[in-house]
Amino acid sequence: MDIRGHDLPLLVSLKAMLDEKNITRAAARLGVSQPALSAQLARLRDIFKDELLTPASSGKGMVLTTRGNELREPLRLALQNLQM
């Protein structure tokens, strides 16, 4: 995956979505609207060529794909290192 040319804030949004497993809660956490965050998720899905999160069968929240789950820790570490 080549991240050049993509917005770094998208990764912050991705972390919030992967942590919350809920687009509405992640949007509130980030201070953006739910539709705006859904649009970001669509961009991230295109960038990563993976769904990343899919609706839970219960109808509440989201479930991480294998790729979404694999990204959690490296993403956390990368963002933590950028805050230093």
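Placed above this text is the structure.
Okay, so let's go over this structure. (Residues numbered from 1 in each chain as written. Predicted model: local features only at pLDDT ≥ 70, side-chain atom pairs only at ≥ 80, totals over all residues. Heavy atoms only, no water.)

Things to note about the pattern of salt bridges
Considering all chains together, one arrives at nine salt bridges under this definition. In this structure, D19 engages K15 in a salt bridge whose closest nitrogen and oxygen atoms are separated by 2.6 Å. Note that D19 and K15 are positioned in helix 1 (residues 9-20) at a spacing of four residues, about one turn of the helix. The exposure class of D19 is partly exposed, given its relative accessible area of 30%. Between D19 and R29 there is a salt bridge, with its nearest N and O atoms 3.1 Å apart. Taken together, the residues span a long stretch of sequence, with D19 in helix 1 and R29 in helix 2 (residues 23-30) at a distance of 10 residues. Several salt bridges share partner residues, and in doing so they unite K15, D19, E20, R25, R29 and R72 into one network. (Salt bridge = Lys/Arg side-chain N within 4 Å of Asp/Glu carboxyl O. Helix = DSSP H or I, 4+ residues; strand = E, 2+ residues; numbered from the N terminus. Buried < 20%, exposed > 50% of the residue type's maximum accessible area, 1.4 Å probe, protein only.)

Spatial relationships are all this shows, so hold off on functional conclusions.
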